[in-house]
Number of protein chains: 2
Amino acid sequence: MNGTNQEHVDEAGAALRQTSLRVTKQRVAVLEAVRDHPHADTDTVIRSVRESLPAVSHQAVYDSLHTLTEVGLVRCIQPSGSVARYERRIGDNHHHLVCRSCNLIVDVDCTIGQAPCLTPSHDAGFLIEQAEVTFWGLCPDCADSGAERPEVGSRSAV
Amino acid sequence: MNGTNQEHVDEAGAALRQTSLRVTKQRVAVLEAVRDHPHADTDTVIRSVRESLPAVSHQAVYDSLHTLTEVGLVRCIQPSGSVARYERRIGDNHHHLVCRSCNLIVDVDCTIGQAPCLTPSHDAGFLIEQAEVTFWGLCPDCADSGAERPEVGSRSAV
DNA sequence: TCGTTTCCTTGACTCATTCAAAAGAAGCGT
DNA sequence: ACGCTTCTTTTGAATGAGTCAAGGAAACGA
């Protein structure tokens, strides 16, 4: 909708300029799209970007998302059963609440867990860099409407 | 290798009989394959099953894995960037260590985190059922050989 | 403005996973 | 043991997110 807000363009451009990446209108648009649609999948980003740049190729969006992820301007999350989703909020080690029924994703801060969650009981010799916590459950709407676990993709259910 | 161990077949059959599912040789073989290859992806399971049942269709394996997951005999995990992987260890709320370089997956018990990890700071009204923790890092081998993050699939790297 | 380097477009392609219809096996009651 | 019903498996095709590769276009330093 208001994707082409000048202030946002500037902010996105500035973020890009702080990396060694070239500032292209495609990347700026992708960065905006990710900010405007938290936890959006690639398809949503493509559609959002095309509101301001109707001619972008899907490849450009895929490339931008990868590159932006690599330099740390966006984060990619992929809860089980979901395609890749992207978010602008980075560096604060927050976690996610995922609704099993409607796939809604919500951010949660890990105020309690910060330290404990980063320390597994034994690390098997691993060099641990990051802990990712995903809470699975039902969002308020789905819980209210009595939604249970959705079909998990088996034709002949039990 | 020793996939057709009678003891194992019995155990797998018994587990199946405790559900309302029919006990078929395909399902028994899938259950064994998952136990014999912890964190195996579907392709590995298919190959393993075909050692004892050369004629199984991939569809049967997909269906079995789905059904077994649904009744809780196996668990499906899908770390970002990975295809679906399955494991037999269930119900003990253990977590995973994933190597960013070689994708090795190792189980870890969450001795410290049990309670804290299940309690996010605010639940946004969600009905939380489960917390899933994934630790990302480098396995001993990759850390030793100085492996850094692998290419993440962008042709024009920074 | 020019040239170099990086990025985008185009279009084909891969591969995990799913769909659908028909043939085949499990388990039930007799 | 036999047949019936229902659940499973096979077969073969389709879907769709994501990737590969080559050439044209744009960014940016000089």
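Scroll up for the structure.
In short, a report on the structure. (Residues numbered from 1 in each chain as written. Chains lettered and ligands numbered in written order. Predicted model: local features only at pLDDT ≥ 70, side-chain atom pairs only at ≥ 80, totals over all residues. Heavy atoms only, no water.)

Quick word on the packing of helix 2 (residues 25–36) of chain A against helix 4 (residues 58–70) of chain A
Residues and elements named next belong to chain A.
- Between helix 2 and helix 4, the least distance of the axes is 10 Å, while the angle of their chain directions is 75 degrees. In terms of axis orientation, helix 2 runs roughly perpendicular to helix 4. Where helix 2 abuts helix 4, its residues Arg27, Val30, Leu31 and Val34 lie against Val61, Ser64, Leu65, Thr67 and Leu68.
- Taken together, the residues of the contact of helix 2 with helix 4 break down into six nonpolar, two polar and one charged. (Axes fitted to C-alpha atoms, helices over the stretch in contact; angles between N-to-C directions. Helix = DSSP H or I, 4+ residues; strand = E, 2+ residues; numbered from the N terminus. Parallel < 35°, antiparallel > 145°, perpendicular 65-115°, else oblique. Contact = heavy atoms within 4.5 Å. Nonpolar A, V, L, I, M, F, W, Y, C, P; charged D, E, K, R; others polar.)

Some details on empty space enclosed by the protein
- According to the stated counting rule, one finds five cavities of 30 Å³ or more in the structure shown.
- Taken together, 20 residues make up the lining of the largest cavity; nearest its centre are Glu132 and Thr134 of chain A together with Gln78, Glu132 and Thr134 of chain B.
- Of all the elements in the fold, those that place two or more residues in the lining of the largest cavity are strand 4 (95–99) and strand 6 (127–138) of chain A together with strand 4 (95–99) and strand 6 (127–138) of chain B.
- Of all the elements, strand 6 of chain B adds the most residues to the lining of the largest cavity, at four residues.
- For the lining of the largest cavity, the residue count by class is 10 nonpolar, eight polar and two charged. (1 Å grid on protein atoms, 1.4 Å probe; cavity = no way out; pocket = protein on both sides within 12 Å on 5 of 7 lines; lining within 4 Å. Points joined across faces, edges and corners; volume = space filled by probe spheres on them.)

Brief notes about the pairing of strand 4 of chain A
Residue and element names in this part refer to chain A.
- Counted residue by residue, strand 4 has five buried out of five residues, so it is predominantly covered.
- A two-sided burial pattern is seen for strand 4, the buried positions comprising His95, Leu97 and Cys99 on one face and His96 and Val98 on the other.
- Where strand 4 and strand 5 (residues 105–108) come together, four bridges link them in antiparallel fashion. Looking at strand 5, one finds that Leu97 is bridged to Val106. (Buried < 20%, exposed > 50% of the residue type's maximum accessible area, 1.4 Å probe, protein only. Pairing = 2+ DSSP bridges.)

Let's talk about the sheet that holds strand 3 (residues 85–87) of chain B
All names here are of chain B.
- Pairing within the open sheet is antiparallel, and its three strands lie in the order 1-3-2. Every interior strand has two partners, whereas the edge strands, strand 1 (40–41) and strand 2 (75–77), have only one.
- Pairing analysis gives three bridges linking strand 2 to strand 3, with the strands arranged antiparallel. Considered in strand 3, the bridge of Arg75 is made with Glu87.

Some thoughts on the protein's contact with DNA strand C
- Near DNA strand C, the surroundings consist of 21 residues, among which Arg22, Arg27 and Ser57 of chain A together with Gln59 and His66 of chain B are the closest.
- Counting only the atoms of DNA strand C that lie within 4 Å of the protein, the sugar and phosphate share comes to 54%.
- Arg22 of chain A places a side-chain nitrogen or oxygen 2.6 Å from a base oxygen of DNA strand C.
- Side-chain polar atom of Arg22 of chain B to a base nitrogen of DNA strand C: 3.0 Å apart, as the coordinates give it.
- Elements with a contribution of two residues or more to the surface near DNA strand C: helix 2 and helix 4 of chain A together with helix 4 (58–70) of chain B.
- Examining the composition of the surface near DNA strand C, we find that four residues originate from one element, helix 4 of chain B, more than from any other.
- By residue class, the composition of the surface near DNA strand C is eight nonpolar, eight polar and five charged. (Near = heavy atom within 4 Å. Polar contact = N/O pair within 3.5 Å; in protein donor to acceptor, adjacent residues only side chain to side chain.)

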